[in-house]
Amino acid sequence: MAKKKIKLKGSNFFDKNKPINKVRKTKFTSHKEQSFTHKKPINKVAKVKQVTKRNNLRPYSNTQKSSSSSGRYLPDIIEKRYLFLLVLTTIVFSAITVRLFQLQVLEADSYEEKLVAATEKVVEGESTPRGRIYDRNYKLLVDNEAVKTIYYKKESGISSKEEIKLARILAEKINLDYSKLSEKMLKTFWYKNHEKEAEAKITKEEREKYNERKLDDNDLEDLIYERITAEDLAEYNEIDKKTAYIYYLMNKGYSYAEKIIKNSGVTDDEYAFVSENIDTLKGVNTKLDWERTYPYGDVFKSVLGNVSSSTQGIPSELVEEYLKEGYSMNDRVGISYLEFQYEKYLKGTKAKYKVTNGNNYELIDAGKRGNDIVLTIDIDLQKYLEEQLANEVLSTKSEAHTAYYDHSFAVVANPKTGEILAMAGKQVKKENGQYKVTDYTPGVITTSVTSGSIVKGASMLVGYKYGAINIGQYQMDECIKIRSTPEKCSWRTLGYINDINALAYSSNVYQYKIAIAVGNGNYRYDQPLTLDKTAFDKYRQMYSSFGLGVKTGIDLPSEGHGYSGKSTLPGHLLDFSIGQYDTYTPIQISQYINTIANGGSRLQPYLLKEVYETSKENKDSFGTKIYEASAKELGKVDVEEKYLNRVKEGFKAVVSYGLGTQYMGSYQSIGAGKTGTSQSFIDTNKDGVVDTETITTSFVGYAPYDDPRMSIVVISPDVADASAEATSGINKRLSSEIVNKYFEIYK
């Protein structure tokens with residue numbers, strides 16, 4: 001049945017009047033029919049036959065049938081496709097030719113440079129000296145000093161025996177203090193020299209335990225070290241011990257790192273010996289390293305910061321930060337304060353060398369010293385401030401009721417720009433029965449204190465702004481009492497006073513009554529008091545607009561924030577209004593008085609004044625200036641100008657006839673300021689709980705009153721215990737001395 005189906009007539013599938021394909025049509029058509037039916041030449045048919053035979057054509061598909069019916073023939077299609085391929089090929093080869101010309105002729109130099117860069121090995125030299133640091137008058141504060149250094153860098157394949165021989169040579173040729181040689185170091189040296197004897201100290205039983213994995217390599221090593229006796233070590237003389245110490249220096253730390261053998265007091269002969277024998281002293285070499293020097297000694301040194309040593313490289317806690325910037329692990333970097341803050345300017349550019357085919361080094365970039373920075377600090381004023389502060393804290397410690405006192409702070413600034421002219425902290429400690437003064441300047445930005453009445457200027461502005469008082473308003477200064485709490489009074493009963501005298505004589509009660517009004521309270525003596533809790537927000541918003549309770553933005557790392565109390569009890573709002581609740585850093589208090597002095601602009605305090613490139617012609621002079629600082633306003637105090645002027649008038653009264661007389665030295669007539677005394681509390685037994693009440697004193701001021709050029713802050717935390725009827729005059733002495741010195745320098 002299947003065979004019969006194959007023999008079905010074509011009429012079942014095709015029109016029987018149409019040929020199966022063109023070849024058959026051509027074959028069975030007469031010449032006459034061709035003459036009248038076909039308009040194309042006979043030789044065309046022959047070509048079709050040849051093509052048909054050559055390609056072994058199959059029967060028409062539906063597509064071919066459609067083409068035939070439309071009058072298109074296979075030869076036409078082939079010719080057109082051939083032409084298309086020819087054109088396409090021409091275009092492609094033309095594009096390739098153009099691109100090859102571009103690469104091989106026009107861009108040949110560029111690609112040659114890229115090839116060289118990809119295959120050429122470039123290495124960097126040692127860390128180059130850092131930029132210098134100057135004060136505002138271009139007096140040099142930090143410089144670099146060349147240091148002869150002998151170091152060792154392990155070569156590939158070198159053995160312990162070879163290293164010991166190198167150490168012996170060095171021990172005989174260089175003078176080295178080996179007093180830090182420990183017994184463990186000497187035992188290691190003996191172990192390396194007596195490996196067979198050392199291994200013999202392990203018993204057969206211990207070997208079996210090792211094979212059974214009951215002991216490991218560290219266990220066996222510990223046993224060997226325990227069994228190296230004093231008699232074993234007795235064979236070593238002094239030169240042997242020096243050799244042992246040098247061997248230790250050669251192998252401590254990472255194997256790939258450079259190990260400093262000697263970098264202090266290297267003589268010319270020692271340096272020359274190593275330099276002349278580099279080829280035989282495998283891995284031992286010399287270099288001129290550098291160290292920071294300080295022409296003014298320890299003055300401002302703690303804030304200038306530190307730089308890592310050649311052996312230290314990048315400290316572990318800073319590795320991630322510096323590696324992101326493209327540093328190497330052994331680079332010397334700034335690790336604290338200004339050296340860290342301005343690393344980007346101070347770091348030097350390393351020399352670069354091309355490694356030639358002969359494995360020699362060809363200098364391609366000499367590198368250069370880092371940029372020089374100029375600070376806002378006046379080093380003469382800074383030096384004077386530190387000297388006076390050190391003398392005063394030491395002297396005050398001998399006064400009565402100062403058992404808990406141990407430090408004071410002082411800051412001098414330009415209130416119109418925010419520049420810090422001088423700042424210091426000094427701390428007194430007892431060592432071996434005697435008091436010794438140490439530097440505590442970083443505490444200016446990190447340590448918070450209970451400020452006391454110096455913040456009453458901001459508190460008065462809260463009263464003006466929210467309508468709690470008016471300019472010139474009088475109130476009775478009298479003790480107030482909230483039920484179940486102690487009385488709250490001023491330092492003495494001041495009677496009926498206005499806003500100016502409330503500042504001049506530092507009335508607490510005047511501020512209490514303002515706070516009660518701001519909190520919409522209804523006060524009655526010894527009765528419960530309820531206040532609107534939003535009053536805390538009103539006070540804190542005002543304080544923060546002066547810089548209290550917020551970071552100042554000073555250009556130093558690790559700035560502190562102070563402490564903000566969480567309680568919203570009415571009594572704590574009253575404490576807040578007189579500066580005895582939240583705490584602030586000395587630099588925040590400096591920003592506060594600057595904001596009052598300049599008329600309400602909160603300016604960012606700063607230490608960096610200018611940056612200069614290293615001069616190419618003269619390394620001792622400045623190159624191009626690449627940075628110059630300017631005043632940066634962080635915000636404005638949101639009060640009417642008349643209210644701020646009223647507070648400034650009150651601050652002038654403080655210095656003229658109030659509690660701040662003599663604080664501005666010989667410039668009392670042109671000065672303004674505010675004193676502060678507050679209760680403070682300390683943790684005497686370091687258990688995390690405050691347990692002892694103390695008294696903290698403070699002073700803020702500025703001059704001249706009508707055109708301020710300088711401001712000053714002096715704070716002495718815990719200067720007296722709570723039983724003291726009078727406190728030390730350290731703040732008055734310091735402030736008057738520093739103000740006089742400032743105007744002596746800046747007449």
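What you see is a predicted model, and the numbers here were worked out from it, not measured in a lab.

Undergrad: Mind showing me how you'd approach the overall build of the chain here?
TA: From N to C terminus, the chain includes 29 helices and 20 strands. With 747 residues in all, the chain has 45% of them scored as buried. Of the contacts made within the chain by residues no fewer than 6 positions apart, 70% connect residues no fewer than 24 positions apart. Entry remark: accessible area of the chain is about 40,400 Å², with carbon and sulfur atoms responsible for 49%.

Undergrad: Help me understand the side chain of Lys 259, please; the structure alone is not making it clear to me.
TA: Locating Lys 259 in the fold gives a position in strand β4 (residues 259-262). Of the side chains with opposite charge, Glu 163 lies nearest to the buried Lys 259, which makes no salt bridge, at 7.1 Å.

Undergrad: It is not clear to me how the packing of aromatic side chains should be interpreted in this structure. Could you clarify?
TA: Taken as a whole and assessed by the stated rule, the structure comprises 27 aromatic pairs. Here the aromatic rings of Tyr 322 and Tyr 327 are separated by 4.9 Å at their centres, their planes lie at 65 degrees, and the arrangement is edge-to-face. Counting every residue linked through ring pairs, the aromatic cluster contains Phe 536, Tyr 539, Tyr 543, Phe 576, Tyr 581 and Tyr 584. Between the NZ or CZ atom of Lys 287 and the centre of the ring of Tyr 151, over which it lies, the distance is 5.1 Å.

Undergrad: What should I look at first to understand helix α22 (residues 456-465) in this one?
TA: An α-helical segment advances 3.6 residues per turn. Residues three or four places apart therefore align on the same side. With nine of 10 residues buried, α22 lies mostly within the body of the structure. Those residues of α22 that fall on the buried side of the exposure criterion are Lys 456, Gly 457, Ala 458, Ser 459, Met 460, Leu 461, Val 462, Gly 463 and Tyr 464. At the exit of α22 stands Gly 467, carrying a positive phi of roughly 75 degrees.

Undergrad: What is the right way to look at a negative patch on the surface in this model?
TA: Taken together, Asp 216, Asp 217, Glu 221, Asp 222 and Glu 226 make up a surface patch of like negative charges. Structurally, the position occupied by Glu 221 is in helix α12 (residues 217-227). Overall, Glu 221 belongs to the partly exposed group, its relative accessible area being 37%.

Undergrad: Would you mind showing me how to read the pattern of salt bridges here?
TA: A side chain of one charge can pair with a side chain of the opposite charge when the charged atoms of the two come close. Taken as a whole and assessed by the stated rule, the structure comprises 38 salt bridges. Two residues, Arg 227 and Glu 206, come together in a salt bridge whose shortest N-O distance is 2.6 Å. Highlighted residues: Arg 227 in helix α12 and Glu 206 in helix α11 (residues 204-211), separated in sequence by 21 residues. A salt bridge links Asp 499 to Arg 646, with the nearest nitrogen and oxygen atoms 2.8 Å apart. One end of the pair, Asp 499, is in helix α23 (residues 499-504); the other, Arg 646, is in helix α28 (residues 641-656), with 147 residues separating them in the sequence. The pair Asp 499 / Arg 646 is uniform in exposure class, with both members buried. Salt bridges here are not isolated pairs; linked through shared partners, they connect Arg 130, Arg 292, Glu 339 and Glu 343.

Undergrad: Before we go on, may I ask you to explain the confidence of the model for the chain in this structure?
TA: Caution is warranted with low-pLDDT regions, since their predicted coordinates should not be read in detail. For the chain, mean pLDDT is 87; residues scoring 70 or higher make up 86% of the total. Of the regions scoring below 50 in pLDDT, residues 1-70 engages in 25 contacts with residues more than four places distant in sequence or in other chains.

Undergrad: Help me understand the sheet that holds strand β20 (residues 710-721) in this model?
TA: Backbone hydrogen bonds hold the strands of a sheet together, and the pairing may be parallel or antiparallel. If you walk across this open sheet you meet the six strands as β11-β10-β9-β20-β19-β18, and the pairing is antiparallel. Of all the strands in the sheet, the pair left with one neighbour each is β11 (434-439) and β18 (672-682). When the angles between neighbouring strand axes are averaged without regard to direction, this sheet yields 15 degrees. Summarising the sheet, strand β9 (residues 407-413) and β20 pair through five bridges and their orientation is antiparallel. Paired with Ala 413 across the two strands is Ser 711, which belongs to β20.

Conventions we followed
Residues numbered from 1 in each chain as written. Predicted model: local features only at pLDDT ≥ 70, side-chain atom pairs only at ≥ 80, totals over all residues. Heavy atoms only, no water. Helix = DSSP H or I, 4+ residues; strand = E, 2+ residues; numbered from the N terminus. Buried < 20%, exposed > 50% of the residue type's maximum accessible area, 1.4 Å probe, protein only. Contact = heavy atoms within 4.5 Å. Areas by Shrake-Rupley, 256 points an atom, 1.4 Å probe, with all protein chains shown as cover. Lys, Arg positive; Asp, Glu negative; His and termini not counted. Salt bridge = Lys/Arg side-chain N within 4 Å of Asp/Glu carboxyl O. Phe/Tyr/Trp six-rings, centres within 6.5 Å; stacked < 30°, edge-to-face > 60°. Lys NZ or Arg CZ within 6 Å of the ring centre and 35° of its normal. Patch = residues over 30% accessible without salt bridge, like charges linked within 9 Å, V, L, I, M, F, W, Y side chains within 5 Å. Charge placed at Lys NZ, Arg CZ, Asp CG, Glu CD. pLDDT = per-residue confidence, 0-100. Pairing = 2+ DSSP bridges. Axes fitted to C-alpha atoms, helices over the stretch in contact; angles between N-to-C directions.

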